[in-house]
Amino acid sequence: MISTPPLAKGPGAGAAEVDDELADEASASESRTLAVPATHHGDRLDRTLAALVPEFSRNYLSQLVEGGAAQVNGRAITKPAHKVRAADQVVIELRPTPMSQAFVPQAMPLAVVYEDEHLAVIDKPAGLVVHPAPGHWSGTLLNGLLARDDKARQLPRAGIVHRLDKDTSGLMVVARSRPAMDALVARIAAREVRREYLALAHRPWSGPAQREVDAPIGRDPRNRLRMAVVDLERNAGKPAQTLFTLLQNAEPFCLLRCLLRTGRTHQIRVHLAHLGHPLVADALYGGAPAAGLARQALHARRLAFAHPITGQALDFSAPLPADLAAALAACGLTMPADDTAT
């Protein structure tokens, strides 16, 4: 087994430096002059722009027009429905959106557990968003990968093949070559990548020490911001299976090993809440802060798979982060000496 060393601090930039760089980029704009082709004669301005400037959405281009960023034959046009004619000269000032600026390199410290020419294994800290999304267009793991690895710039999503929630810590594998990426995606889909988590949950565990949960997960029909166990005859969802093993009980908590059979959004969090054992500090699914933890008590502790190119068996484990280790100690819980999954 290959275990993670103490967190290695890679090259990084201070938050102020990153913010300044993003501010400079966000203030930049590009003026582009376009000739309306005959195929768009009589078409709406926003529809024509969407065809000629495909890297921006039609909705956003409409907003630019309404904001006074477009001219047709030297005349300012503010109505997206304005009809253009063949050979019209359109000037549009393209102002970057947060989304268009998301895929930029941003140096940050990353703990690299293992790396070869085809893949890398990262020990992600809690609080780091994996992929840009609304509310988190910068400072993500993807931005950090783009900064540290030229190969990441040649791959979709910078080689990211699976994700951890923002406040979940632990191991992730990312690809560094296209063959490795395609193979890893296929192996994850085929359930050939072993992903084990450590969870601290509310209430002592009762019943069998090992329990397989087979309960489909979909969007919560009562709260679209959450996922939930759903009835597939009534709601959209996908099959989801998790194997839970009790490691230790300590009133009013339980320490569990969680083995993913599938990889649905928030799967462990949803299944534990469904069982009446929400994760400590997981407010979205009924957990409450305890033992000094302010983030959900979930850690991706082990990752095992066959190398996608060489076939070599790889097995990695990550030590508990300081906050989770301190929480276990505060609860009177200790990790078993031999915590090897069945």
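Residues numbered from 1 in each chain as written. Predicted model: local features only at pLDDT ≥ 70, side-chain atom pairs only at ≥ 80, totals over all residues. Heavy atoms only, no water.

## A closer look at unusual backbone geometry
For the bond running from glutamate 251 to proline 252, omega is 0 degrees, close enough to zero to count as cis. Note on placement: proline 252 falls in the loop between strand 13 (241-250) and strand 14 (253-260). With a phi angle near 55 degrees, asparagine 73 is a residue other than glycine that sits in the positive phi range. Phi at alanine 158 takes a positive value of approximately 60 degrees, unusual for a residue other than glycine. With respect to the secondary-structure elements, alanine 158 resides in the loop between helix 4 (141-148) and strand 8 (169-175). Residue classification places alanine 158 among the buried residues on the basis of a relative accessible area of 4%. (Helix = DSSP H or I, 4+ residues; strand = E, 2+ residues; numbered from the N terminus. Buried < 20%, exposed > 50% of the residue type's maximum accessible area, 1.4 Å probe, protein only.)

## Considering the sheet that holds strand 3 (residues 70-72)
What the four strands build is an open sheet, ordered 2-5-3-4; its pairing is antiparallel. With partners counted over all chains shown, the strands left at the sheet margins are strand 2 (30-35) and strand 4 (75-77), one partner each. Shown here is a sheet whose adjacent strand axes are inclined to one another by a mean of 25 degrees, direction ignored. Sheet topology note: the strand 2/strand 5 (residues 89-94) ladder contains six bridges and is antiparallel. Looking at strand 5, one finds that alanine 35 is bridged to glutamine 89. (Pairing = 2+ DSSP bridges. Axes fitted to C-alpha atoms, helices over the stretch in contact; angles between N-to-C directions.)

## Focus on the packing of aromatic side chains
Given two aromatic rings, their pairing is described by the distance between the two centres and the angle made by the two planes. All chains considered together, the criterion is met by three aromatic pairs. When the centroid spacing of 5.4 Å and the interplanar angle of 45 degrees are considered together, the rings of tyrosine 114 and phenylalanine 316 count as tilted. Residue tyrosine 114 is located in strand 6 (residues 111-115), and its partner phenylalanine 316 is located in strand 16 (residues 313-317); the two are separated by 202 residues in the primary sequence. Aromatic rings pair up to connect Tyr114, Phe305 and Phe316 into one cluster. (Phe/Tyr/Trp six-rings, centres within 6.5 Å; stacked < 30°, edge-to-face > 60°.)

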